[in-house]
Amino acid sequence: MPADVVPPNIPYSSSDIDAAGNDPFSVGPGPVWDPMLDRPMTYTSMSSSGPLMSYGGQPKRRPARLADVATAVVLPWLVFFLVLSLFLFAYHEMEMVVWILITLCGGLSMLFLCLGACARHGSFLAVGFLCATSVGMASACGLWLNSTYLERYWELDAGQEFKHVAPTSSAKETAGASVIHFTEGTFVDDRRTLGFVAGGIVLCLAPVVAPDAPAALVEYWAVGEDCCEMRCNFDCGTARDLGATTAVTERRGPLYNKAIAQAMSVYGLNSTDDAQLVSFVNNPKAVIADIWDESLTIALIAMIMDLCMCVVAGLVVARVLSRAGPRDGFEKSL
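Bear in mind that the values here come from a model prediction, so they are computed numbers and not experimental data. (Residues numbered from 1 in each chain as written. Predicted model: local features only at pLDDT ≥ 70, side-chain atom pairs only at ≥ 80, totals over all residues. Heavy atoms only, no water.)

(A) Quick look at the pairing of strand 7 (residues 194-198). Counting buried positions over the 5 residues of strand 7 gives 4, a clear majority of the element. Pairing of strand 7 with strand 8 (residues 201-209) involves 5 bridges; the strand directions are antiparallel. When the sheet's bridge partners are listed, Ala 198 is paired in strand 8 with Ile 201. Linking strand 7 to strand 8, which pair antiparallel, is a turn of 2 residues; within it Gly 199 sits at a positive phi near 60°. (Buried < 20%, exposed > 50% of the residue type's maximum accessible area, 1.4 Å probe, protein only. Helix = DSSP H or I, 4+ residues; strand = E, 2+ residues; numbered from the N terminus. Pairing = 2+ DSSP bridges.)

Here's what the structure looks like:
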């Protein structure tokens, strides 16, 4: 170095901030000076993406993680979708397997609840509660669909189809039938209609007879609901259409047994214990398909409603976690 060049005199600062920053043996980071606000920044907490800093020592509220919110929405809805689908497609053949799978879903919900309670994890508590709710709601909806629509659908779908059945023939010959095609000329005897009032509805029935032999022994009854007057005007299904001979079988319950007994008393008829109830239709396959379509429509509406409920619950979970943090959000917010 030439003799006439004098090195600059850099003053050494002994402040605590510079000392902590320059000391290689110091533990932890020193305060960082913000040149824009002319004050130090402080570290308040650590997260997976690094320390969360705030100004002036004030803690910063951490937002809820997107994964927690998405899990609180998607997983309960998937549980609802699975349970309801089991009732739709498998319950009629594998009832025990369906209940085992539902029990496993309930066990998964309890596992999330236990983990959330032990680890004080708010998102786990939310997921466990929502999954348990989905299992209960889907099971209730599935059982109602099965008793109202699905049992009837599978019964008709698995039944037999009989053709050229005389209305005077024994009903035992068509046991297990779902569709019956009567012989030409068969009609419903509208003059012996009976309207039986029960539970706010009118159960209508009239004997199915042949034109040449209106016998007193009735083997088949045409039935319907709210489609007749008390003693006449039977207008259920296609019973009054010219040449209507196709019908689907109906279940014979206690109310219809009472109606049949009353009709026998009023008109002096006799009916066998095996007499079948039928509803006259134009296209029996379309009628059976309509039962399935209606059950699917109700199930789809239930799934959409449950998804909306899960979204609302997910937004609530996000708000709770953003206030108190993911580990103890529920405990601090309650």
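(B) Inspection of the nonpolar core at higher detail. With 35 residues, the main nonpolar core has Val 79, Phe 80, Val 83, Leu 84, Val 98, Ile 102 and Leu 145 as its most contacted residues. Of all the secondary-structure elements, those providing two or more residues to this core are helix 2 (66-89), helix 3 (95-119), helix 4 (122-158) and helix 6 (284-324). Per-element accounting of this core gives the leading share, 12 residues, to helix 4. Within the second largest apolar cluster, 21 residues are counted, among which are Ile 180, Val 188, Cys 204 and Tyr 220. (Core = buried A, V, L, I, M, F, W, Y, C linked by side-chain atoms within 4.5 Å.)

(C) Representation of the packing of aromatic side chains within the structure. This model, assessed by the stated rule, comprises 12 aromatic pairs. Arranged with centres 5.8 Å apart and planes meeting at 70°, the rings of Phe 89 and Trp 292 form a pair that is edge-to-face. Of this pair, Phe 89 sits in helix 2 while Trp 292 is found in helix 6, placing the two residues 203 residues apart along the sequence. Residue Trp 292 is classed as buried on the basis of its relative accessible area, which comes to 16%. Site record: aromatic cluster; members linked through ring pairs are Phe 89, Tyr 153, Trp 154 and Trp 292. (Phe/Tyr/Trp six-rings, centres within 6.5 Å; stacked < 30°, edge-to-face > 60°.)

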